[in-house]
Amino acid sequence: MGTPRLAVWKFSSCDGCQLTILDCEDELLALAGKIEIGYFLEASRRELPPPYDLSLVEGSIATAADLERIRRVREQSRHLVTIGACATAGGVQALRNLASLPEYQAVVYARPDYLDSLDGSTPISAHVKVDLELRGCPIDKRQLLEVITAYLADRKPDVPTHSVCFECKLRGTTCVTVAHGTPCLGPVTQAGCGALCPAYGRGCYGCFGPAEGAEGAGPNTRALLPLLHRDGVAGPDIARLYRTFNAEAPAFAEAARQATEDDG
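Along every chain, residues carry numbers that run from 1 in the direction the sequence is written. At least 70 in pLDDT is required for a residue's local features to be given in this predicted model, at least 80 for side-chain atom pairs to be given and counted, and no such filter applies to totals for whole chains, interfaces and linings, which use all residues. Hydrogen atoms and water are omitted, and side-chain values are computed over all heavy atoms in the structure.

Digging into the overall build of the protein chain
Next, step 1: The helix and strand inventory of the protein chain stands at twelve helices and five strands.
Next, step 2: Taken over the C-alpha trace, the protein chain has a radius of gyration of 19 Å; the compact-globule value for 264 residues is 18 Å, and the two agree within 12%.
Next, step 3: The buried label goes to any residue with under 20% of its type's maximum accessible area, the exposed label to any with over 50%, and the partly exposed label to all in between, with areas taken from a 1.4 Å probe on protein chains only. Here the protein chain holds 264 residues, and the buried ones make up 47% of them.
Next, step 4: Counting only contacts in the protein chain whose residues sit at least 6 apart along the sequence, the fraction spanning at least 24 positions is 71%. Secondary structure elements follow DSSP: runs of H or I no shorter than four residues count as helices, runs of E no shorter than two count as strands, and numbering proceeds from the N terminus. As defined in this context, the radius of gyration uses C-alpha atoms, and a globule is described by 2.2 Å times the residue total to the power 0.38. In what follows, residue pairs with any heavy atoms lying within 4.5 Å of each other are defined as contacts.

Listed below in C-alpha cells is the structure:
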C-alpha cells in the first residue's frame, strides 16, 4: 500500500483552517513518519502527483475556476474532508448570497468588469461528494487530529454532533444565558470548540454550525427564539447571528428566516 499521501487544498477562504493544521506543531511531527504530504502550499512548495489518500479542503466555491478545480481534486482523492465554515457552509463570504452580486461589485470595486465570480459562495458538498465535514471558524485542532488519525487507521472519525451546552457542562462553565441573560446560540450549535466563548462570559456565536439535534432532526432553533428575544435581541439581529459564519447551513438559514418573519 505504501505511505498514505495527504493533500491540503485552499479555495475561497482566509487560510485560518490551514493555519490550525500548522499550529498542531508537535502532533504533526508525530504524524510525519506515518504520512506523506503530497500537496500543501501553505507549508511547502513540494508537490507530489495524485492520487491522494486523504484530501483536506478549505474554502468555498466562489468562481468558475474553483468549480473546475474541486471536481479535479475529488477525482484525485480517495477520501475528501471539508474543513471549516467556508467549506462546509459557504463561510462569511456567503453573506453576499443574500443580495445582488452586481450591486456588491459596483459598490466595492472600481473596475468590476475584471472580476470572474459566481453569483454565490457555496459549500464544497453542493458540487462534489464529501466524505466528512469538519466544522468551525476555524476548525478545532483536536478534531482535526482525530480525523487524520482515524483515516490513517481506516476507521470512522469520532466527531461529536451534540450541542455546545454539553461542552459547557463538561468544563463546569455556568450558563451565561441562565446566570446573566446573555444571548447565546450554544443550545443549537454543534460542539467542537470546547465552549470557548461561554468560558469567558460571552454567548456562543454559532461558528460550528447547527447541531444534529434529536435523532438527526436538526436543532430546535424556534424554541430558542423566545429566549433570544427575552435577552434583548431583535429579529433582524437574530438573523444576522445565524448567518454570520454559516449562511448556507440549511438549519441556520431557516432559523434566520423564522426570526425575521416572527419579528415582522
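The structure having been displayed, the exposition proceeds.
Focus on the packing of helix α10 (residues 221-230) against helix α11 (residues 235-246)
Next, step 1: Here, axes are lines fitted to C-alpha atoms. For helices the fit covers the stretch in contact, and angles between N-to-C directions go from 0 to 180 degrees. Here α10 crosses α11 at 125 degrees, and the two axes come no closer than 11 Å. When the axis of α10 is compared with that of α11, the two are oblique. As α10 runs across α11, the sense of the crossing is right-handed. Mapping the contact onto sequence places T221, L224, L225, L228 and H229 in α10 and G235, I238 and Y242 in α11.
Next, step 2: Residue polarity is assigned by list, with Asp, Glu, Lys and Arg as charged and Ala, Val, Leu, Ile, Met, Phe, Trp, Tyr, Cys and Pro as nonpolar; anything else, Gly included, falls into the polar class. Residues that form the contact of α10 with α11 fall into these classes: five nonpolar, three polar and no charged. Should an angle fall under 35 degrees it is called roughly parallel, over 145 degrees roughly antiparallel, and 65 to 115 degrees roughly perpendicular, with every other angle called oblique. By convention the crossing between two helices is left-handed if the near helix lies anticlockwise of the far one by an angle smaller than a right angle, and right-handed if it lies clockwise.

Examining the sheet that holds strand β1 (residues 5-10)
Next, step 1: Strand order in the open sheet formed by five strands is β2-β1-β3-β4-β5, with parallel pairing between adjacent strands. Across the chains shown, the open sheet's two edge strands, defined by having one partner strand only, are β2 (36-39) and β5 (132-134). Within this sheet the neighbouring strands show an average axis-to-axis angle of 25 degrees, counted without direction.
Next, step 2: Note that β1 and β2 share three bridges and pair parallel. Residue pairing in the sheet places R5 in a bridge with E36 of β2. Criterion used throughout: strands pair if DSSP finds at least two bridges between them.

Remember that the coordinates give geometry; whether it matters functionally is a separate question.
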